[in-house]
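# Structure assessment
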Amino acid sequence: MRNKPSTPSTYSIASKKTQLALALAALSFTGNALAEARVEGFIHIAEQEIPLAGVQVHLKELNREVVSQRDGRFVFLDVKPGNYTLITSYIGVEPIEKKITVADQENLSLDFAMQATKGSVAEILVIGQAASINKALNKQRTADNIITLVSADAIGQFPDTNVSEALQRLPGLSIERDQGEGRYVRVRGMGPDFNAVTINGVAVPGPDADRRVVALDVIPSDLLESLMVTKSLTPDMDANSLGGSIDVQSLSAFDRDSFFYQFTAEGSYDENTEQTSPKLSFTTSNRFSLGEGEDNFGIAAGISHFKREFGSDNVETGGHWDFSDNNALLEEFEQRKYHISRERSGATLNFDYKVSENSDLYWRNLYSEYTDSEIRLANVVEFADGTAAGETQAAEVQRELKDRTETQKILSTSFGGQSRFDKWTLDYRLSHNQSGEEEPTHIGGAVFKLDDDVIEDEVLDLSYRNSRKILITAPNSYYQAASYKLDEVELADNDGNDTSNAINIDLTRELDWHGIPAQLKFGIKHNRREKDNDTQISVAEEFLGDTSLTAFAGNPVSYALGNFGQSINSAKVKSAIKEAELDEEESSINDFEITEDQDAAYLMGRIDIDNWRLLTGVRYEATDFSAKGFAYEADKELISNTYFANKDDYFLPALHLRYTLDDKTQVRAAWTNSVVRPNFAQLSPGRLIEEDDGDIEASFGNPDLKSLKSRNIDLGIEHYTGVAGVVSAFAFYKKIDNFAYEADLGGRPGYQEFTKAITYVNGETADIYGLELAASQQLKSLPAPWNGLLLGANATLVKSTATIGAYDNNKWVTRELSLPSQSDTSANFMLGYETNKLSMRLSANLKSKYLLEVADPLDANYDTYVDAQTQVDFSLHYYITNAIKINVEALNLTNEVYYTYENKKAHNVQYEEYGSTFKLGVTLTNF
């Protein structure tokens, strides 16, 4: 990466290089006057018109290969006149060999009806666990690069609520949970911020104000056709992922043969809160005939709504431990009770129009809305001095309330199409994506302190036991509402928006290079992204009426980790506020406007030589970044504007190899390069400067941070053993430059005036080594009833090392650690069983401990880790008839807790329990 001057513009440089690439590509065609014959076909399931995607079609004499698309179509352009043999290949299906004769300038159209090797077509190719796994494996097998997929059918086989939870079942993927629900996805040990998310191939901006990551619990899983994770990027893809790129593919009418609908009604029961929650979803699609075409226009639509009432019991220290003198003394902790209501609503509406045999158009739309209403009650204990377990000491105590509703929205719409000419294929797309996060005025924190008229010296003598699952011993006055009075209320309001608009143009040319089939592809992209955040914080310290907690108290809190006290009525707190004063400091430094304009061009070639497929190329990306915000000088109460701008550009080469050993086994290798911009919090232009007795302290973002760059190597083998059967092993290595972390630069060169200067800096390099293993097998060869068994397992073993540092006595000191969010081991195990009527699945997901946060770059004692987790889930589906299915699901059967610790497992940072969730539903379908 290099910083570029303001002129000439990065865009003009990109344009010149794009023009040069186009000119060279055009010259390469002048010597190839090929025939204009064309061979196309439709592949479907025998005796049905259900399209079959992922079928490998081989034109034997020319050694050319194509793959059927999601509508079952395939096409060979520029086929020379002659006699040929077409051969199809699909796991679990009898291959079809068809002799054809191609005349000059002929458009030859063929029909392939695929028949299952044994058993019923529906059982093997259409419905059930094995069929859904089989669909994914066929697409994985025929891809030019390394991908992993899960189909909509497979998503329905697991008790997963959202997209994030569905992805955790795939090799190399694990998730980070929020309140027990899957939210963020990690790929191959890389944290969520290092992975890209697209909807129908279009990059999606994240709704979080300070992060790039897209929280995938926002998107309902009912509205999807499939999820695809790309682990080795090709030059025609955005390069903004270090771990992988996740594509959410919505419904299309051409995924089905005719009119289709599916309706699901479900109720879930939360063990923790004893609440029952409803869920409804409906999807439908159909094809129509427009003009002279037959079934050439498709509409697919779906809606989903799920409201879940649940909660959790929590006790946490937040890392307030003192490890000096080889002791572990607790300084502060909180008891917390969460009452949560989450609503997920989504809608999709997609149009596909086959204008002619050479032209297709589409318009795809997906909207999702996620509303998270949270009431958090807390008892906060701060000891006068660090305290050991079992020791009684005076402590300041306060009761707190937070009551907020957050709504995140994502809208993705894209219009595009494909036009096929005699020698060219043109793909084009316009897209608009918008995400946002709204938190209307709410209680950010209401604080009730000990009443000095009731509690002498405003302290209580307290003790605790069990430093992991902290349990308190306290006098009765600790729990009584009369012991507290209202001291302060913080009111907060936040509104953030992230919008991107993009245009893509791609041109593909099939070539015959001295009798060797090849393909050349090149394209350009322009994307404009704008992100802003507006925060308002007010503080109230004057109130109306009685300020004793008794005036605001509700029913006693049900708390699984001991006694808690009474709840707090938020409506009464709001009505008691006499006046609130704007906090100019907090309301200014969190506001920003950021723009990122990106231009990209690529040139990519593919060639097939005997059993080898080689794909190579280079991508060029240029980013123009600007940020506007505010600096706040506390001692002067002065707010000033800040502005930053910079430009980056990158050349990112790639090489992909696939070697076919036989019709069941292939070897893959890849060398790729990728780049990711730092998070918005790290790039934030906001600055806070404070002075205390002559010491000047500052905290700020760093818009000049370098982007993270990764060089990636992959090598693996895949062996397909039949329907739903695969054994694979992949090794990978990533070398990452410029990863970012928080550091104190106070007193260092450029920051001499600051006693403390908390900001973000680039690290040196990080290395990741990994091994990804996967296997699945349908045991059809066993005698009944064991022939209904289905086994699956995958594991990812990862090792990473990163170097961070900070100044200590004017000397730069470094240490090594693992990358945050990287588990050494993550794995899935699945035991399934299915017949024509019954489908059951027991699944376990586990991940080893991982580094969550580094509090002090110089001291490993204060690193925070998330403990190992294993969650077991169960699902059962029973077909009363072909159209009616009963669903029974159970999540978190082992009541797995979320536990983070500091230094050692005994030192709690956060302990949280959720309980199990049980679901009962019914699905009606015409399929």
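Everything here concerns the structure above.
Here's what I pulled together on the structure shown here. (Residues numbered from 1 in each chain as written. Predicted model: local features only at pLDDT ≥ 70, side-chain atom pairs only at ≥ 80, totals over all residues. Heavy atoms only, no water.)

Turning to the overall build of the chain, a few remarks are in order. Regarding its fold elements, the chain presents eight helices and 51 strands. Here the chain has a C-alpha radius of gyration of 30 Å; the compact-globule value for 927 residues is 30 Å, and the two agree. Expressed as lengths along the three principal axes of its C-alpha atoms, the size of the chain is roughly 100 × 70 × 50 Å. Buried residues in the chain amount to 57% of all 927 residues. With the model as given, the accessible surface of the chain reaches about 37,300 Å², and the carbon-plus-sulfur share is 52%. When the 87 positive and 141 negative side-chain charges of the chain are each reduced to one mean point, those points stand 9 Å apart. (Helix = DSSP H or I, 4+ residues; strand = E, 2+ residues; numbered from the N terminus. Rg over C-alpha atoms; globule rule 2.2 N^0.38 Å. Buried < 20%, exposed > 50% of the residue type's maximum accessible area, 1.4 Å probe, protein only. Areas by Shrake-Rupley, 256 points an atom, 1.4 Å probe, with all protein chains shown as cover. Lys, Arg positive; Asp, Glu negative; His and termini not counted. Charge placed at Lys NZ, Arg CZ, Asp CG, Glu CD.)

Spatially, β3-β2-β5-β6 is the arrangement adopted by the four strands of the open sheet, whose pairing is antiparallel. Only two strands of the sheet have a single neighbouring strand rather than two, namely β3 (64-67) and β6 (97-102). Neighbour-to-neighbour, the strand axes of the sheet open up by a mean angle of 25 degrees, direction not taken into account. As judged from the six bridges shared by strand β5 (residues 82-89) and β6, these two strands associate in the antiparallel manner. Paired with asparagine 83 across the bridge in β6 is threonine 101. (Pairing = 2+ DSSP bridges. Axes fitted to C-alpha atoms, helices over the stretch in contact; angles between N-to-C directions.)

What follows covers the pattern of salt bridges. Evaluated as defined, the whole model comprises 54 salt bridges. A salt bridge links lysine 337 to aspartate 313, with the nearest nitrogen and oxygen atoms 2.8 Å apart. Of this pair, lysine 337 sits in strand β19 (residues 329-356) while aspartate 313 is found in strand β17 (residues 297-316), placing the two residues 24 residues apart along the sequence. With respect to burial, lysine 337 and aspartate 313 carry one shared label: buried. (Salt bridge = Lys/Arg side-chain N within 4 Å of Asp/Glu carboxyl O.)

Below, the discussion takes up the nonpolar core. Counting residues in each nonpolar core, the largest one holds 45 residues, and the members touching the most others are Val381, Phe448, Leu462, Tyr478, Val489 and Val573. Elements with a contribution of two residues or more to this core: β19, β20 (359-387), β21 (393-420), β22 (424-450), β23 (460-465), β25 (484-513), β26 (516-543) and β49 (898-902). When near neighbours in sequence (up to four residues on either side) are disregarded, leucine 462 contacts Val381, Phe383, Glu391, Thr392, Gln393, Ala395, Val397, Ile472, Thr473, Ala474, Pro475 and Tyr478. If you look at the next biggest cluster of nonpolar residues, it comprises 28 residues, including Ile175, Val187, Ile199 and Leu224. (Core = buried A, V, L, I, M, F, W, Y, C linked by side-chain atoms within 4.5 Å. Contact = heavy atoms within 4.5 Å.)

Quick look at a nonpolar patch on the surface now. On the surface, Tyr269, Leu791, Leu831, Leu842, Leu893 and Phe918 cluster together into a nonpolar patch covering about 480 Å² of accessible area. Looking at the secondary structure, you find leucine 831 in strand β43 (residues 825-834). When its relative accessible area of 42% is taken as the criterion, leucine 831 is described as partly exposed. (Patch = residues over 30% accessible without salt bridge, like charges linked within 9 Å, V, L, I, M, F, W, Y side chains within 5 Å.)

A few words now on the sheet that holds strand β1 (residues 37-45). Taking strand neighbours across the sheet as the criterion, the three strands line up as β4-β1-β7 in an open arrangement whose pairing is mixed. Edge positions in the sheet fall to β4 (73-79) and β7 (107-114), since each has one partner strand and no second. Neighbour to neighbour, the strand axes of the sheet diverge by 15 degrees on average, direction disregarded. Across eight bridges, β1 lies against β7 in parallel orientation. Across the sheet, residue isoleucine 45 finds its bridge partner in β7, namely methionine 114.

Inspection of the secondary structure assignment puts glutamate 309 in strand β17. Residue glutamate 309 is classed as partly exposed on the basis of its relative accessible area of 24%. Taking C-alpha positions, glutamate 309 is 6.9 Å from threonine 276, a pair spaced 33 residues apart along the chain. Not counting residues up to four positions away in its chain, the partners in contact with glutamate 309 are Asp270, Thr273, Gln275, Ser277, Ile340 and Ser341. Within the local environment of glutamate 309, its side chain forms a polar contact with the side chain of serine 341, the two groups lying 3.2 Å apart. (Polar contact = N/O pair within 3.5 Å; in protein donor to acceptor, adjacent residues only side chain to side chain.)

With that settled, consider the packing of aromatic side chains. Tallied over the entire structure, the rule returns 20 aromatic pairs. Arranged with centres 5.5 Å apart and planes meeting at 65 degrees, the rings of phenylalanine 448 and phenylalanine 552 form a pair that is edge-to-face. Here phenylalanine 552 lies in the loop between β26 and β27 (553-556) and phenylalanine 448 lies in strand β22, a separation of 104 residues in the sequence. Accessibility expressed as a relative area gives 3% for phenylalanine 552, which makes it buried. Aromatic side chains tyrosine 733 and tyrosine 769 sit 5.0 Å apart centroid to centroid with 40 degrees between the ring planes, which places their arrangement in the tilted category. A residue pair is termed long-range when its members are at least 10 positions apart, and tyrosine 733 in strand β37 (residues 725-737) and tyrosine 769 in strand β40 (residues 765-778) qualify at 36 residues. You can call tyrosine 733 partly exposed: its relative accessible area is 22%. Of note, lysine 849 hangs over the ring of tyrosine 865, and the distance from its end group to the ring centre comes to 4.9 Å. (Phe/Tyr/Trp six-rings, centres within 6.5 Å; stacked < 30°, edge-to-face > 60°. Lys NZ or Arg CZ within 6 Å of the ring centre and 35° of its normal.)

Across 25 bridges, β19 lies against β20 in antiparallel orientation. Its bridge partner being in β20, arginine 342 is matched across the sheet by aspartate 372. Taken together, β19 and the strand that follows it, β20, pair antiparallel across an intervening segment of two residues. As paired strands, β20 and β21 are joined by 25 bridges and run antiparallel to one another. Bridge pairing in β21 links threonine 371 to threonine 407. Connecting the antiparallel pair β20 and β21 is a turn made up of five residues, with glycine 390 showing a positive phi of about 85 degrees.

Every regular strand shows the same layout, with side chains that alternate between the two sheet faces. In terms of burial, strand β14 (residues 245-250) is largely enclosed, as six of its six residues are buried. Along β14, one buried face is formed by Ser245, Asp247 and Gln249 and the opposite face, lined by Ile246, Val248 and Ser250, is buried too. Where strand β11 (residues 196-199) meets β14, four bridges bridge the pair, whose relative direction is parallel. By the bridge assignment for β14, isoleucine 199 is matched with valine 248.

Moving on: unusual backbone geometry. For the bond from alanine 784 to proline 785, the omega torsion is 0 degrees, close enough to zero to count as cis. Turning to its location among the elements, proline 785 is positioned in the loop between β40 and β41 (789-808). Residue asparagine 63 is not a glycine yet carries a positive backbone phi of 55 degrees. Relative to the helices and strands, asparagine 63 resides in the loop between β2 (56-59) and β3. Notably, asparagine 738 is not glycine yet its phi reads approximately 70 degrees, a positive angle. One can find asparagine 738 in the loop between β37 and β38 (740-744).

Before going further, it helps to examine the environment of threonine 755. Checked against the element boundaries, threonine 755 lands in the loop between β38 and β39 (756-762). For threonine 755, a relative accessible area of 43% gives the class partly exposed. Each C-alpha atom of the pair threonine 755 and glutamate 697 lies 5.6 Å from the other, and the pair is 58 residues apart in sequence.

Side chains of Asp635, Glu690, Glu691, Asp692, Asp693, Asp695 and Glu697 sit close together on the surface and give a patch of like negative charge. Contributing elements (two or more residues each) for the negative patch: β34 (687-692) and β35 (695-700). Here the negative patch takes three residues from β34, the largest share from any one element. In this fold, aspartate 693 is placed in the loop between β34 and β35. For aspartate 693, a relative accessible area of 76% puts it in the exposed group.

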